[in-house]
Amino acid sequence: MLNIRCGIKGKTTPQSLPCDWPVMRAEAGSKFLQEDLLNSLSQPKQLHIFASPMAFLFFQDALNSLDQGLVKKIPPNEMLACGVGNTTDTLARSLKNPASPLRWSDPALSSPDSRENGLAWTLEQLEKKGLVPRHPLHLWTKSFSSSEKILREVKTSRRWNMWETSVHEIYELKLNNEPFPPEIILALANRTPVCFGVKSAEVLDATVALLLLHTRLTSAQQLPRTVHFSVWEKGALQKAQQLFLHSRLIPWSSFEQHSDLTAES
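Residues numbered from 1 in each chain as written. Predicted model: local features only at pLDDT ≥ 70, side-chain atom pairs only at ≥ 80, totals over all residues. Heavy atoms only, no water.

A. Focus on helix 4 (residues 86-93). Along helix 4, the positions that sit buried rather than exposed are T88, D89, L91 and A92. Down the axis of helix 4, the buried side of the element spans an arc of 165°, and every buried residue falls inside it. Looking at the buried residues of helix 4, the elements they touch are strand 3 (46-50), helix 2 (53-64) and strand 4 (78-83). (Buried < 20%, exposed > 50% of the residue type's maximum accessible area, 1.4 Å probe, protein only. Helix = DSSP H or I, 4+ residues; strand = E, 2+ residues; numbered from the N terminus. Arc of directions from axis to C-beta. Contact = heavy atoms within 4.5 Å.)

B. Focus on the layout of surface pockets. One number sums up the size of the largest pocket: a volume of about 1500 Å³. S52, K199, S200, W232 and E233 are, among the 44 residues lining the largest pocket, the residues nearest its centre. Here the lining of the largest pocket gets five residues from one element, more than from any other, and that element is helix 6 (residues 146-157). Among the residues forming the lining of the largest pocket, the class breakdown is 19 nonpolar, 17 polar and eight charged. There is about 280 Å³ of room inside the second largest pocket. (1 Å grid on protein atoms, 1.4 Å probe; cavity = no way out; pocket = protein on both sides within 12 Å on 5 of 7 lines; lining within 4 Å. Points joined across faces, edges and corners; volume = space filled by probe spheres on them. Nonpolar A, V, L, I, M, F, W, Y, C, P; charged D, E, K, R; others polar.)

C. Here's a closer look at the environment of Q257. With respect to the element layout, Q257 can be found in helix 10 (residues 252-264). Looking at Q257, the relative accessible area reads 51%, which means it is exposed. Along the chain, Q257 and D61 lie 196 residues apart, while their C-alpha atoms are 34 Å from each other.

D. Summary view of the packing of helix 8 (residues 201-215) against helix 9 (residues 234-242). Where helix 8 meets helix 9, the closest approach of the two axes is 7 Å, and the angle between their N-to-C directions is 35°. Packed against helix 8, whose contacting residues are A201, L204 and D205, the element helix 9 presents G235, A236, K239 and A240 at the interface. (Axes fitted to C-alpha atoms, helices over the stretch in contact; angles between N-to-C directions.)

E. Focus on the packing of aromatic side chains. Scanning the model with the defined rule gives 11 aromatic pairs in all. Seen in terms of ring centroids, W21 and F180 are 4.7 Å apart; in terms of plane orientation they differ by 55°. Their pairing is tilted. Pair noted here: W21 is in strand 2 (residues 21-28) and F180 is in the loop between strand 7 (165-175) and helix 7 (182-190), with a separation of 159 residues, a long-range link. Using a relative accessible area of 3% as the deciding quantity, one classes W21 as buried. The class of F180 is buried, set by a relative accessible area of 15%. Ring geometry for W21 against F196: centres 5.7 Å apart, planes inclined by 55°, an arrangement best described as tilted. On the criterion of sequence distance, the pair formed by W21 in strand 2 and F196 in strand 8 (residues 194-198) is long-range, its members being 175 residues apart. Both residues of the pair, W21 and F196, belong to the buried class. (Phe/Tyr/Trp six-rings, centres within 6.5 Å; stacked < 30°, edge-to-face > 60°.)

Laid out in structure tokens, this is it:
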């Protein structure tokens, strides 16, 4: 079976975010302003949380593109930064730069073995450390992100009405209409078994949409029975069930294992 890892294409996608078929492209958020970034750095002890690796990449790009005159005006504030999982934590720690006027530190939430993914868990650990709701929080995420909803729900349930929080939609996702990889076209034409591995509901939606455009079909159920999917996030599983793809699902562990074997051969 041909395994295709689907993902998102960004301006500076690192090696830690590989994909065989970028079904979406990330662009700078249309609502994001440079002033938002400067304001988030103007006061000490601000807590920055990156909801995804792509959010961090756009934050870093915005930071590096600041006019040097503006950078020199930023006071040498101490800043806290973390992510919502091991990958984003690691990226946040890379902000520590002796040449930067800002002094970044990370809350060291846990060891990689005990670190759980998700914003809700991250906020819970930050509360245990006494960092929230004591410090103003800046959430860096994409447009229409579920992270904003999670933050709002936590803030409401804990009655933290006075807690200063800001949500920055620093990037947005759009369908990527670049030509299909030739191996996918061949597999669809020859009815060769193929599995599309996706991590998020958005990526699954985009993958199905592009497949329907290519095959000129109107629903995911009409796709050839040789087309399978493998999902990772809970939201992606729910989306697969909504699209009636449950009979086509392959466990993520099997997809990963087969992908590794394919890469070695």
